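Given next are the chains, with one letter for each unit.
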Amino acid sequence: MSLAKLREHEDILNRAVALFGEDSRVLGVYLAGSFAAGSPDKWSDIDLYVVVSNGEVDRVLRRHHELFGKVGPLLTLFPATHLGDPHQIIAFYRASYPIHVDYQYRAVGDLIPQRKDTKVKILLERNHALRKWRKACETAEETTDLAIQQLQYFEDRFWAWCWYTHGKILRGELWEARDGVEYLRTNVLVPLACASARVVYEGNRRVETRLDSTTQRRLEETIPKQHTRHGYEQALANAMQVYETLFDSLPEAASAAHVDRKFFHSSLKDGMIGPE
């Protein structure tokens, strides 16, 4: 589906770009994400990047808060502090359905060439900085490997996190156990799976199309079948098995120092109640 077929999104986008164009401090605006790639749907957010001079991000952002309301009827507006980025503003506008816009403010000096940005669409530019940056993105090196430091980070922590989650299960603190298993999958297993598949890790985004069916089935086995002690025991045991399979399959992992996995396996079996 193209932007032209999502007229309400297109109207919001055009008004935003026109308003940014009235501010000479804005050096450029570019569109990223699914709208730039040509594959949006009605639930897609509009990823707008607003580029300003170095040292001007906070000043410009403060003065743009009134601008956001001029783009369209606001439902809600807040900074993405939950994502660790106070320079990203999340807005939802009223249309026939809520339209989500992410305004991401960046200094021109922070534009680092990355292969994933070759498809961005430049919507406003006062100099040639954005075009030069996008051109550099075409030749930027794209790495899907995990550095040995990251693999060692996982190995040092994964088993401790399993032990922590194991304790929650045995105490009957199942909601916290659920959080533990989810954390292991999202922050350890999926990155390892992406490295194994040689695709860039983007969290759980589009895992269904980026990982092969066998890997997806393995990850599915780390989802508790039931909200019971046994359900979480089995999910945790499967997570450990998937971790070892994925980790040990990576050539880079040969240089990583293993913790005493055998000891952790033995300890983690303690208190397990087995099938119900």
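That block above? That's the structure.
On a predicted model such as this, the values are computed, not experimentally measured, just so you know. (Residues numbered from 1 in each chain as written. Predicted model: local features only at pLDDT ≥ 70, side-chain atom pairs only at ≥ 80, totals over all residues. Heavy atoms only, no water.)

K.L.:
Can you walk me through the environment of Asp 110 in this structure?
P.N.:
When you line up the elements, Asp 110 lands in the loop between β5 (99-107) and β6 (121-125). The exposure class of Asp 110 is exposed, given its relative accessible area of 52%. Each C-alpha atom, one on Asp 110 and one on Val 51, is 9.2 Å from the other, the two residues being 59 residues apart in sequence. (Helix = DSSP H or I, 4+ residues; strand = E, 2+ residues; numbered from the N terminus. Buried < 20%, exposed > 50% of the residue type's maximum accessible area, 1.4 Å probe, protein only.)

K.L.:
Hey, could you run me through the pattern of salt bridges in this one?
P.N.:
Where side chains of opposite charge bring their charged atoms close, a pairing between them can arise. Applying the stated criterion to the full structure yields 15 salt bridges. We note a salt bridge from Asp 85 to Arg 106, for which the minimum N-O separation is 3.0 Å. Taken together, the positions of Asp 85 in strand β4 (residues 85-93) and Arg 106 in strand β5 put the pair 21 residues apart, joining distant regions of the chain. Note on Asp 85: relative accessible area 14%, which makes it buried. (Salt bridge = Lys/Arg side-chain N within 4 Å of Asp/Glu carboxyl O.)

K.L.:
Can you help me understand the packing of aromatic side chains in this one?
P.N.:
Here the distance between the centres and the angle between the planes together describe a pair of aromatic rings. Considering all chains together, one arrives at 15 aromatic pairs under this definition. Ring geometry for Tyr 30 against Tyr 49: centres 4.7 Å apart, planes inclined by 0°, an arrangement best described as stacked. With Tyr 30 in strand β1 (residues 26-32) and Tyr 49 in strand β2 (residues 46-52), this pair connects stretches of sequence that are 19 residues apart. With respect to burial, Tyr 30 and Tyr 49 carry one shared label: buried. Where Tyr 153 meets Trp 161, the ring centres are 6.5 Å apart and the plane angle is 70°; that geometry is what we call edge-to-face. (Phe/Tyr/Trp six-rings, centres within 6.5 Å; stacked < 30°, edge-to-face > 60°.)

K.L.:
Which parts of the structure should I look at to understand the sheet that holds β1?
P.N.:
Where strands meet in a sheet, backbone hydrogen bonds hold them as pairs that are either parallel or antiparallel. If you trace the six strands from one edge of the open sheet to the other, you get β3-β4-β5-β2-β1-β6, paired in mixed fashion. One side of each edge strand has no neighbouring strand; the edge strands of this open sheet are β3 (74-80) and β6. In this sheet, neighbouring strand axes are inclined to one another by 20° on average, regardless of whether the strands run parallel or antiparallel. In this structure, β3 lies alongside β4, joined through six bridges in antiparallel fashion. (Pairing = 2+ DSSP bridges. Axes fitted to C-alpha atoms, helices over the stretch in contact; angles between N-to-C directions.)

K.L.:
Help me out: how do you make sense of the packing of helix α6 (residues 148-171) against helix α10 (residues 229-249) in this one?
P.N.:
How two helices sit against one another is set out by the angle between their axes and by the gap between those axes. One can describe the packing of α6 onto α10 by two numbers: an axis separation of 10 Å at closest approach and a directional angle of 170°. On the basis of the axis angle, α6 is roughly antiparallel to α10. Here Leu 151, Phe 154, Glu 155, Phe 158, Trp 159, Cys 162, Thr 165, His 166, Ile 169 and Leu 170 of α6 lie close against α10, whose contacting residues are Arg 229, Tyr 232, Glu 233, Leu 236, Ala 239, Met 240, Tyr 243, Glu 244 and Phe 247. Grouping the constituent residues of the contact of α6 with α10 by class yields 13 nonpolar, two polar and four charged. (Parallel < 35°, antiparallel > 145°, perpendicular 65-115°, else oblique. Contact = heavy atoms within 4.5 Å. Nonpolar A, V, L, I, M, F, W, Y, C, P; charged D, E, K, R; others polar.)

K.L.:
Help me out: how do you make sense of the nonpolar core in this one?
P.N.:
Note on soluble globular proteins: their nonpolar side chains tend to be buried together. By size, the foremost hydrophobic cluster in this structure holds 34 residues, and its most contacted members are Leu 151, Phe 158, Cys 162, Leu 189, Leu 192, Tyr 243 and Phe 247. Mapped by element, the contributors of at least two residues to this core are α6, α7 (174-197) and α10. Top element by residues in this core is α7. It accounts for eleven residues. Apart from residues lying up to four places away in sequence, Phe 158 is in contact with Leu 184, Val 188, Leu 189, Ala 239, Met 240 and Tyr 243. With 32 residues, the next largest nonpolar core counts Leu 19, Ile 46, Phe 68 and Leu 124 among its residues. (Core = buried A, V, L, I, M, F, W, Y, C linked by side-chain atoms within 4.5 Å.)

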